[in-house]
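# Fold and contact review
Residue-level listing of the chains:
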Amino acid sequence: MSNQMEMAAAAEFDQWATNGRAESMADGHRDATEQILDRWKLTDEDRVLDVGCGNGWAVRWMLERGAGGGSGVDISPEMVARAQQLTAADMPASFAVSPGERLPFGDQHFSAVLSVESLYYYPDPAAALVEWARVSRPGGRLGIMVDLFAENPAGPVWKDALDVEVHLLSEADFKAMATAAGWKDVQTFRVIDRRPVKTEAEFTPSKWYPTYAIYVGYREAGSLGITARR
Ligand SMILES: C[S@@+](CC[C@H](N)C(=O)[O-])C[C@H]1O[C@@H](n2cnc3c(N)ncnc32)[C@H](O)[C@@H]1O
């Protein structure tokens, strides 16, 4: 690992993997991600990759929905260990410790690349999008979900509250980077989590949501989805 940001993310997410946050984070990301993945019809021919896979839930999800093989990579060794523990031995899945910008796969290896709430932690998100294009087959799909982006009113709050450095990118930034990386038909859109929004009485302020208005603003902004074709 060559970069300060990568080392900091690995150390931070090693802690998250061992204190239960890998699972709470997966639960929090599931609904919005599934609304993006529901656009994909996966078949036995598909070889899918999840970059920044955390506990591997999305790789297992894609295999359960028909993909013939799946891989997950993450910068955090403890996240990769968690993904391996949670994945049945007979699933056609593999997990590896790797930075998202330097993947241990040959050219045109995958038919779909997914990344959930991960890209803004990378030292160079634009370089990661070029690397993901390298490992994608012609016509392969790209799916990205992020909650931390400039148009989300909670984005700047989270950037300050996180113990690691992140990029606060706008919807237009993501679109421009994916297009410059060679992805075609780049679409950006919002996905609204279908879980109920808390009432003010149910809401407890935290460093992530210091006020109820920030919480509601985040829920109304939705998650940012980005899809494209190689
Ligand atoms: C917010 S978590 C999301 C995990 C998972 N995608 C999910 O939805 O549960 C971000 C993940 O990105 C990983 N990550 C951060 N920087 C990375 C990098 N440079 N390369 C690969 N993975 C990275 C972290 O270790 C962490 O597991």
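Before reading on, note that the structure itself is shown above.
First, a word on scope: everything that follows refers to the structure included in this document.

## Considering the overall build of the chain
- Of regular secondary structure, the chain possesses eight helices and seven strands.
- The C-alpha atoms of the chain give a radius of gyration of 17 Å, which matches the 17 Å a tight globule of 230 residues would have.
- Projected onto the principal axes, the alpha-carbon positions of the chain cover approximately 50 × 35 × 35 Å.
- Buried positions account for 42% of the 230 residues belonging to the chain.
- Considering only residue pairs separated by 6 or more positions, the chain has 71% of its internal contacts joining residues 24 or more positions apart.

## Brief notes about the site of the ligand
- Every one of the 20 residues lining the ligand counts as a neighbour, but Phe13, Gly52, Gly54, Gly100 and Ser118 are closest to it.
- Sorting the residues of the shell around the ligand by element identifies helix H1 (4–18) and helix H2 (21–37) as the ones contributing at least two each.
- Of the residues belonging to the shell around the ligand, the class tally is eleven nonpolar, six polar and three charged.

## Side note on the environment of valine 146
- Residue position: valine 146 is located in strand S5 (residues 136–146).
- Distance from valine 146 to leucine 119, taken between C-alpha atoms, is 7.8 Å for residues 27 residues apart in sequence.
- Apart from residues lying up to four places away in sequence, valine 146 is in contact with Glu117, Leu119, Tyr120, Ser223 and Leu224.

## Side note on helix H7 (residues 171–180)
- For H7, the set of buried residues is Phe174, Met177 and Ala178. Within H7, the buried residues cover an arc of 95° as seen down the axis, which keeps them to one side. Looking at H7, the residues exposed on the side facing more than 90 degrees away from the buried face are Ala172 and Ala180.
- Buried residues along H7 sit in contact with helix H5 (125–134), S5, strand S6 (184–191) and strand S7 (223–229).
- Just downstream of H7, glycine 182 is the residue with a positive phi angle, here 105°.

## Remarks on the sheet that holds strand S4 (residues 110–116)
- Taken in spatial order, the seven strands line up as S3-S2-S1-S4-S5-S7-S6 in an open sheet, and their pairing is mixed. Each end of this open sheet is capped by a strand with a single partner; those strands are strand S3 (93–97) and S6. The mean angle between the axes of side-by-side strands here comes to 15°, regardless of whether they run parallel or antiparallel.

## Observations regarding the packing of H5 against H7
- Following both chains from N to C, one finds H5 and H7 inclined at 45°, their axes separated by 8 Å at the closest point. By the angle between their axes, H5 is oblique relative to H7. The two elements H5 and H7 cross, and the hand of that crossing is right-handed. The residues of H7 that touch H5, namely those facing Pro125, Ala126 and Leu129, are Met177, Ala178 and Ala180.
- Residues belonging to the contact of H5 with H7 are distributed by class as follows: six nonpolar, no polar and no charged.

## Quick notes on the packing of H1 against helix H4 (residues 77–86)
- For the pair H1 and H4, interaxial distance at closest approach is 7 Å and the crossing angle is 35°. Side by side, H1 and H4 meet where Phe13, Asp14, Ala17 and Thr18 of the first sit next to Pro77, Glu78, Met79 and Arg82 of the second.

## Some thoughts on unusual backbone geometry
- Phi is positive for glutamate 117, close to 55°, though the residue is something other than glycine.
- Summarising the element assignment, glutamate 117 is placed in the loop between S4 and H5.
- For glutamate 117, a count of 20 C-beta atoms within 10 Å corresponds to the buried category.
- With phi around 50°, aspartate 185 is a residue other than glycine that occupies positive phi space.
- Following the sequence through the fold, aspartate 185 ends up in strand S6.

## Regarding the pairing of strand S2 (residues 69–74)
- When you tally the buried positions in S2, you get five out of six residues, the bulk of the element.
- The sheet contact formed by strand S1 (residues 47–51) and S2 spans five bridges and is parallel. Along S2, the bridge assignment pairs leucine 49 with serine 71.
- Between S1 and its parallel partner S2, the chain crosses via helix H3 (residues 57–64), and the hand of that crossover is right-handed.
- The pairing of S2 with S3 spans five bridges and is classified as parallel. By the bridge assignment, glycine 70 is partnered in S3 with alanine 93.

## Quick notes on the nonpolar core
- Counting 57 residues, the largest nonpolar core has Met62, Val113 and Ala178 as the members making the most contacts within it.
- With six residues, H3 is the largest single contributor of residues to this core.
- With near-sequence residues (within four places) excluded, alanine 178 lies in contact with Leu129, Leu142, Trp183, Val186, Ile226 and Ala228.

Rules of the game
- Residues numbered from 1 in each chain as written.
- Predicted model: local features only at pLDDT ≥ 70, side-chain atom pairs only at ≥ 80, totals over all residues.
- Helix = DSSP H or I, 4+ residues; strand = E, 2+ residues; numbered from the N terminus.
- Rg over C-alpha atoms; globule rule 2.2 N^0.38 Å.
- Buried ≥ 20, exposed ≤ 12 C-beta atoms within 10 Å, placed from the backbone.
- Contact = placed C-beta atoms within 7 Å.
- Near = placed C-beta within 6 Å.
- Nonpolar A, V, L, I, M, F, W, Y, C, P; charged D, E, K, R; others polar.
- Arc of directions from axis to C-beta.
- Pairing = 2+ DSSP bridges.
- Axes fitted to C-alpha atoms, helices over the stretch in contact; angles between N-to-C directions.
- Parallel < 35°, antiparallel > 145°, perpendicular 65-115°, else oblique.
- Left-handed = near helix turned anticlockwise from the far one by under 90°.
- Right-handed = clockwise from strand over helix to strand, strands pointing away.
- Core = buried A, V, L, I, M, F, W, Y, C linked by C-beta atoms within 7 Å.

It is worth stressing that arrangement in space is one thing and function is another; only the former is reported here.
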